[in-house]
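As a plain string of letters, each chain reads:
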Amino acid sequence: MIGKFLRRVFSPRRANMLRRLPLEEHGLSRDQISSCARRTTEGLQAAGFQAYVVGGAVRDLLVGIVPKDFDVATDATPDQVRATFRRSRIIGRRFRLVHVLCGQDTVEVSTFRGSANAGGDSVEQDEHGRILRDNVFGTLEEDALRRDFTLNALFYDPATQEILDYCDGYADLRARRIRVIGDAEQRYREDPVRMMRAARLGAKLGMTIEPRSRAPIASLASLMENVPSARLFDEMLKLLLSGHAREGVLRLRAEGLHHGLLPMLDVILEQPLGERFVMLALERTDERVRADKPVSPAFLFATLLWHEVLSAWTRREVGGEKSALALMEAMDAVLAAQAGRLAIHKRYLVDIKELWSLQPRFLVRAGRRPLRLLEHLRFRAAYDFLALRCESGELDAELAQWWDRFAGASDVEREAMLLPEEPGQKRRRRRRKPAGAPRTDGSGQAAIDPIA
Ligand code: ATP
Ligand code: MG
């Protein structure tokens, strides 16, 4: 009780002083703010509320990155925001936010939140100090201090073109350092995902985590295990789709944070083949994101887990299992282990499994099967996956080249490229009943067609 009281009184958060930085000092002019975000702050201010552009957008603009999206913070309640804009809707259950819509554009508006350790009954924590609920409204200053890093706590007012800075975030941003607001250990305990965010931001901005913010991570990394797996998935996806996935994963590893995310990612990264494969996949992803091309999360997670599947598959084959069955079992085992940590969203699981299960089919270059594989809906993605396997040295480069040529060839050329069927294959085919004949499962009874 006394400890909590002292912490509140002497908390470094108390020592903060508001600085108002004019346009001449920071150079961020209102033309750089999206028109939707400006309309939102103007609308709220005209209705008598405070409203600022906050967080990632201000930070990114100041370091010369085009922001993905704009967030606005205000003292208006969600209902008041909703009432101010005709085209808006309230979203979120845990903490209600408002989406203000202008044409195709959306701005997320949040009401100032109270700082987590402002005391009282509003904050629920688990036994490690993780905050389970903190849905109280607060003042502008409290909202600044409950944010994660100083450079994320800059408030920009498009009307005055001033930046409001409560925690020296601008100085940190200029010095290119990521600093936790308040006591780093306590803030990581409140929300362990902040450790991962530090690594992600460091990678994205090419900045270092300042020593006092970095030091506690090594001993607190295991707290990531208590974070709900769906939340970890969201944050990991942000990292992977940031355009700095390779650097982000390297930073997670450098901070010892990868253990809690993708089981065995550390093991995979320690095998030269596995590391090459994952790094190549991440580089390709980064190139695509930076070129504004679509990226498939399923493809990404399929690559991150592939070497684990591969070793589980081989283990089962060596144990005498049939190859196809061994692969299916390996896939299920790897995904089941993964589900306990960072839950990959269900809608991606089907695609991931399909990518993996198509891989053995690339080894067959005889008969009609290569032609059927070409027609598969997921051929392109599966081929890209194969190409990565070849490039990383797992398979002979010649295999991907063959498929590349095969896919681009004419019908006649394809026929010429196909290898003669192996005798075993022919025999199996000949024993098959003609199409349309009732199928049997060997027991003499008609089997139920699984497709029907
Ligand atoms: P990005 O550009 O990748 O979206 P971002 O900083 O905008 O980075 P968001 O997840 O969009 O990240 O969060 C928006 C803002 O909310 C952050 O800038 C930060 O001020 C605050 N925030 C986000 N997550 C946390 C957290 N876990 N703890 C405290 N504040 C947070
Ligand atoms: Mg953001």
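Everything here concerns the structure above.
Quantities reported herein were computed from a predicted structural model and do not represent experimental measurements. For every chain, the first residue of the written sequence is number 1, and numbering continues from 1 along that sequence. By the order in which they are written, chains take letters starting at A while ligands take numbers starting at 1. Per-residue local features of the predicted model are confined to residues with pLDDT of at least 70, and side-chain atom pairs are confined, for both listing and counting, to 80 or more; whole-chain, interface and lining totals are unaffected and use all residues. Each side-chain value is worked out from all heavy atoms of the structure, with water and hydrogens disregarded.

## Some thoughts on the overall build of the protein
Moving on, step 1. We count a stretch as a helix when DSSP gives it H or I for four or more residues in a row; a strand needs E for two or more, and each element gets its number in order from the N terminus. In terms of helices and strands, the protein carries 23 helices and 12 strands.
Moving on, step 2. The buried share among the 452 residues of the protein stands at 47%.
Moving on, step 3. The contacts in the protein between residues at least 6 apart in sequence include a share of 67% that link residues at least 24 apart.
Moving on, step 4. Summed over all atoms, the accessible surface of the protein reaches about 23200 Å², with 51% contributed by carbon and sulfur. Each residue is assigned to one of three classes by its accessible area relative to the maximum for its type, calculated with a 1.4 Å probe on protein chains only: buried under 20%, partly exposed between the two thresholds, exposed over 50%. Residue contacts are counted whenever heavy atoms from the two residues lie within 4.5 Å of one another. Only the protein chains shown count as covering a residue, and every accessible area follows the Shrake-Rupley method with a 1.4 Å probe.

## Focus on the packing of aromatic side chains
Moving on, step 1. For Phe, Tyr and Trp, rings pair up if their centres lie within 6.5 Å, where Trp contributes its six-membered ring, and each pair is then called stacked (planes under 30 degrees apart), edge-to-face (over 60) or tilted (otherwise). Tallying each qualifying case throughout the model produces 13 aromatic pairs.
Moving on, step 2. Look at Phe299 and Phe385: their rings are 5.7 Å apart centre to centre, the planes differ by 80 degrees, and that puts the pair in the edge-to-face class. With Phe299 in helix α16 (residues 297-318) and Phe385 in helix α20 (residues 379-391), the pair connects residues that are 86 residues apart, well separated along the chain. You'll find Phe299 and Phe385 in the same group, each marked buried.
Moving on, step 3. Judged by centre distance (4.6 Å) and plane angle (15 degrees), the rings of Trp402 and Phe406 are stacked.

## Re the site of ligand 1
Moving on, step 1. Neighbouring residues are identified by heavy atoms, a residue being near a molecule or strand if any of them is within 4 Å of it. Around ligand 1 sit 17 residues, and of these Arg59, Asp191, Arg194, Arg200 and Lys238 come closest.
Moving on, step 2. Gly56 is positioned such that a nitrogen or oxygen atom in its backbone is 3.4 Å from an oxygen atom of ligand 1.
Moving on, step 3. Between ligand 1 and the protein, one listed contact pairs a nitrogen atom with a side-chain N or O atom of Arg194 at 2.8 Å.
Moving on, step 4. Expressed as a share of its isolated accessible area of 590 Å², the protein-covered part of ligand 1 is 86%.
Moving on, step 5. Secondary-structure elements contributing two or more residues to the shell around ligand 1 are α4 (56-62), α9 (193-205) and α12 (229-240).
Moving on, step 6. The greatest single-element share of the shell around ligand 1, amounting to 4 residues, is contributed by α9. Residues adjacent in sequence count toward polar contacts only when both atoms are side-chain atoms; beyond that, a polar contact is any pair of N or O atoms within 3.5 Å, and within protein one must be able to donate a hydrogen and the other to accept it.

## Focus on the packing of α9 against helix α13 (residues 245-254)
Moving on, step 1. Angular values range over 0 to 180 degrees, each being the angle between N-to-C directions of two axes fitted as lines to C-alpha atoms, with helices fitted over their stretch in contact. Interhelical geometry of α9 versus α13 gives an angle of 140 degrees and a closest axis separation of 8 Å. As judged from the angle between their axes, α9 and α13 are oblique. For the pair α9 and α13, the sense of crossing is right-handed. On the side of α9, the interface is formed by Met196, Ala199, Gly202 and Ala203, while α13 contributes Glu247, Gly248, Arg251 and Leu252.
Moving on, step 2. Side-chain classes are defined by residue name, with Ala, Val, Leu, Ile, Met, Phe, Trp, Tyr, Cys and Pro counting as nonpolar, Asp, Glu, Lys and Arg as charged, and the others, Gly among them, as polar. By residue class, the composition of the contact of α9 with α13 is 4 nonpolar, 2 polar and 2 charged. Here the word oblique covers every angle except those under 35 degrees (roughly parallel), over 145 (roughly antiparallel) and from 65 to 115 (roughly perpendicular). Here a crossing is taken to be left-handed if its near helix is turned anticlockwise relative to the far helix by less than a right angle, and right-handed if that turn runs clockwise.

## A look at α16
Structural remark: α-helix, 3.6 residues per turn; residues separated by three or four positions point the same way.
Moving on, step 1. Over its 22 residues, α16 runs 31 Å from end to end, which matches the ideal 32 Å to within 8%, given 1.5 Å per residue.
Moving on, step 2. At Leu305, α16 is deflected by roughly 50 degrees, the largest bend along its length.
Moving on, step 3. Of the residues one or two after α16, Gly320 is the one with positive phi, at around 100 degrees. Expected helix span is computed as 1.5 Å times (number of residues minus one). We define the bend at any residue as the angle between the axes fitted to the seven residues before and including it, ending there, and the seven starting there.

## Considerations on the nonpolar core
Moving on, step 1. Residues Leu44, Leu240, Phe301, Trp356 and Trp403 are the most contacted members of the largest nonpolar core, which totals 112 residues.
Moving on, step 2. For this core, the element with the highest residue contribution is α16, accounting for 12 residues.
Moving on, step 3. Among the domains, domain 1 (2-190) and domain 2 (228-419) are the pair contributing at least three residues each to this core.
Moving on, step 4. When sequence neighbours within four positions are dropped, the list of residues in contact with Leu44 reads Phe49, Ala51, Val72, Thr74, Ala76, Val81, Thr84, Phe85 and Val109.
Moving on, step 5. Only buried residues count toward a nonpolar core. Its members are Ala, Val, Leu, Ile, Met, Phe, Trp, Tyr and Cys residues joined through side-chain atoms within 4.5 Å. Counting 13 residues, the second largest nonpolar core, distinct from the first, contains Tyr52, Val54, Leu145 and Cys167. Domain borders in the structure are assigned automatically or taken from a domain database.

## Some thoughts on the packing of α9 against α12
Packed helices, taken two at a time, are described by the angle between their axes plus the distance between the axes.
Moving on, step 1. At a minimum axis distance of 10 Å, the contact between α9 and α12 shows a crossing angle of 5 degrees. Here α12 runs roughly parallel to α9, going by the angle between their axes. Taken together, the residues of α12 that come into contact with α9 (itself represented by Val193, Met196, Arg197 and Arg200) are Arg231, Leu232, Glu235, Met236, Lys238 and Leu239.
Moving on, step 2. Looking at the contact of α9 with α12, its residues break down into 5 nonpolar, no polar and 5 charged.

## Topic: the state of the cysteines
Moving on, step 1. Note that a disulfide, as used here, is simply two cysteine sulfur atoms within 2.5 Å. Counted by the stated rule, this structure contains 1 disulfide.
Moving on, step 2. Disulfide pairing places Cys36 opposite Cys102 at an S-S distance of 1.9 Å. Measuring handedness by torsion sign, the sulfur bridge of Cys36 and Cys102 sits at about 75 degrees and is right-handed. In this pair, Cys36 is assigned in helix α3 (residues 35-46) and Cys102 in strand β5 (residues 97-102), connecting sequence segments 66 residues apart.

## Thoughts on α3
Moving on, step 1. The end-to-end C-alpha distance of α3 is 16 Å, a good match for the 16 Å that 12 residues give at a rise of 1.5 Å each.
Moving on, step 2. Taken together, the buried positions of α3 are Cys36, Ala37, Thr40, Thr41 and Leu44. Taken end-on, α3 shows its buried residues confined to a sector of 130 degrees, consistent with a single buried face. Seen from the buried face of α3, the exposed residues on the opposite side, beyond 90 degrees, are Ser35, Arg39 and Ala46.
Moving on, step 3. Residues of α3 that are buried make contact with β2 (51-54), β3 (71-74), α5 (78-84), β5 and β6 (105-111). Here the arc refers to the set of directions running from the helix axis out to each C-beta atom.

## Thoughts on the sheet that holds strand β9 (residues 154-157)
Moving on, step 1. Note on pairing: two strands pair once DSSP finds at least 2 bridges between them. Taken in spatial order, the 8 strands of this open sheet run β1-β10-β9-β2-β3-β6-β5-β4, and their pairing is mixed. A strand with exactly one partner marks an edge of an open sheet, and here the two such strands are β1 (19-21) and β4 (88-91). Strand-to-strand, the axes of this sheet are offset by a mean angle of 30 degrees, without reference to chain direction.
Moving on, step 2. The sheet contact formed by β2 and β9 spans 2 bridges and is antiparallel. In the strand pairing of β9, Val54 is matched with Phe155.

Any functional reading would require information beyond the geometric quantities listed.
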